[in-house]
Amino acid sequence: MTVEAIPPKAESPKMATPGEEKFEWATKALKVAQASAGENAEPLGLAEPDGWRWRVLADLAGLRDSVACGYVHARDKQRSQAWESRVGPLVTGGGAGVGAAVAAVGAGIVKSGGWGWLLVIVGVLFAIVGSVFSANSYVRNRLQKLRYLRLLHDLGDYAYLVLPSAEPANVFQQIDTFRQLWESAGT
């Protein structure tokens, strides 16, 4: 048995968001459910486009688009700060080391008078700058990107797997939960 490798798709200017294909599957699943429901489509919320399931699918797609914007922003921000995760610890350690050395020299000169206080201040400033410039923002952006990505996948899974057979009360409660997760993902 031979297995053919599938060549990777070239990145288009508008990259598809994760979970986007699941919304296409959800639309197909609702159409199949609508066809199988026949005359019972109206009470089940499958009457297109007036059925509540179709409106919920449209709301979930809109929420997915909003979450995707946050995801793309966090992803790009993480990519632009990737070098900080490599250089940040060196700058932090170097700045603190230089600051400590200069402050120690300044403290020795203070006892004999002169420029010692200026060296102490410069040494403390080096240590502060070294500690401020760290890789924490990279890690924070990575975690934010992962929260958005998880939410994108959850939205797609819910639309495809749960929505076609869910009860209205559960669906609207889940939409509120998704909105709360979206609000907290950006923090």
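Structure's up top.
Quick caveat: nothing in here was measured; it's all calculated off a predicted structure.

Q: Quick question: what am I supposed to make of the pattern of salt bridges here?
A: Any two side chains of opposite charge can pair, given that their charged atoms come close. What the rule picks out here adds up to three salt bridges. When the shortest N-O distance is used, the salt bridge between Asp-65 and Arg-64 registers 2.9 Å. Look at Arg-64 and you get buried, because its relative accessible area is 9%. Where Asp-76 meets Arg-75, a salt bridge forms, and the shortest distance between an N and an O atom there is 3.5 Å.

Q: In this structure, what is going on with the environment of Phe-178? I would like to understand it.
A: Of note, Phe-178 is situated in helix α6 (residues 168-185). The class for Phe-178 is buried, based on a relative accessible area of 3%. Note: C-alpha distance between Phe-178 and Leu-63 (115 residues apart in sequence) is 8.4 Å. Leaving out residues up to four positions away in the same chain, Phe-178 has contacts with Leu-60, Leu-63, Leu-151, Asp-154, Leu-155 and Tyr-158.

Q: Just to check I follow, could you spell out α6 for this structure?
A: Residues separated by three or four positions in an α-helix point in the same direction, a consequence of the helix having 3.6 residues per turn. The first and last C-alpha atoms of α6 sit 26 Å apart over 18 residues, in line with the 26 Å expected at 1.5 Å per residue. Here α6 has its buried residues at Val-171, Ile-175, Phe-178 and Ala-185. One side of α6 holds all its buried residues, which, seen down the axis, span an arc of 90 degrees. Opposite the packed face of α6, turned more than 90 degrees from it, sit the exposed residues Ala-169, Gln-173, Gln-180 and Glu-183.

Q: Which parts of the structure should I look at to understand the environment of Gly-19?
A: Along the chain, the position of Gly-19 falls in the segment before α1 (20-37). Here Gly-19 falls in the buried class, since its relative accessible area comes to 1%. Spatially, the C-alpha atoms of Gly-19 and Arg-150 are 9.8 Å apart, while their sequence positions differ by 131 residues.

Q: Where do I start with the nonpolar core in this structure?
A: Soluble globular proteins tend to bury their nonpolar side chains together. The biggest cluster of nonpolar side chains holds 28 residues, and the ones touching the most others in it are Leu-57, Leu-60, Leu-155, Leu-163 and Val-171. For this core, the secondary structure elements donating two or more residues are α1, α2 (52-80), α5 (136-162) and α6. Tallying contributions element by element places α2 first for this core, with 10 residues. Discounting chain neighbours no more than four positions away, the residues touching Leu-155 are Phe-23, Leu-60, Leu-63, Arg-64, Val-67 and Phe-178.

Q: I'm lost on the packing of α1 against α2 in this one. Help?
A: Two numbers describe a pair of packed helices, the interaxial angle and the distance between the axes. Taken N-terminus to C-terminus, the directions of α1 and α2 make an angle of 175 degrees; their axes are 11 Å apart at the nearest point. One finds that α1 runs roughly antiparallel with respect to α2. Together, Glu-20, Phe-23, Ala-26, Thr-27, Leu-30, Lys-31 and Gln-34 of α1 and Arg-53, Trp-54, Leu-57, Leu-60, Ala-61 and Arg-64 of α2 make up the contact between the two elements. Here the residues of the contact of α1 with α2 sort into seven nonpolar, two polar and four charged.

How each quantity is defined
- Residues numbered from 1 in each chain as written.
- Predicted model: local features only at pLDDT ≥ 70, side-chain atom pairs only at ≥ 80, totals over all residues.
- Heavy atoms only, no water.
- Salt bridge = Lys/Arg side-chain N within 4 Å of Asp/Glu carboxyl O.
- Buried < 20%, exposed > 50% of the residue type's maximum accessible area, 1.4 Å probe, protein only.
- Helix = DSSP H or I, 4+ residues; strand = E, 2+ residues; numbered from the N terminus.
- Contact = heavy atoms within 4.5 Å.
- Expected span 1.5 Å × (residues − 1).
- Arc of directions from axis to C-beta.
- Core = buried A, V, L, I, M, F, W, Y, C linked by side-chain atoms within 4.5 Å.
- Axes fitted to C-alpha atoms, helices over the stretch in contact; angles between N-to-C directions.
- Parallel < 35°, antiparallel > 145°, perpendicular 65-115°, else oblique.
- Nonpolar A, V, L, I, M, F, W, Y, C, P; charged D, E, K, R; others polar.

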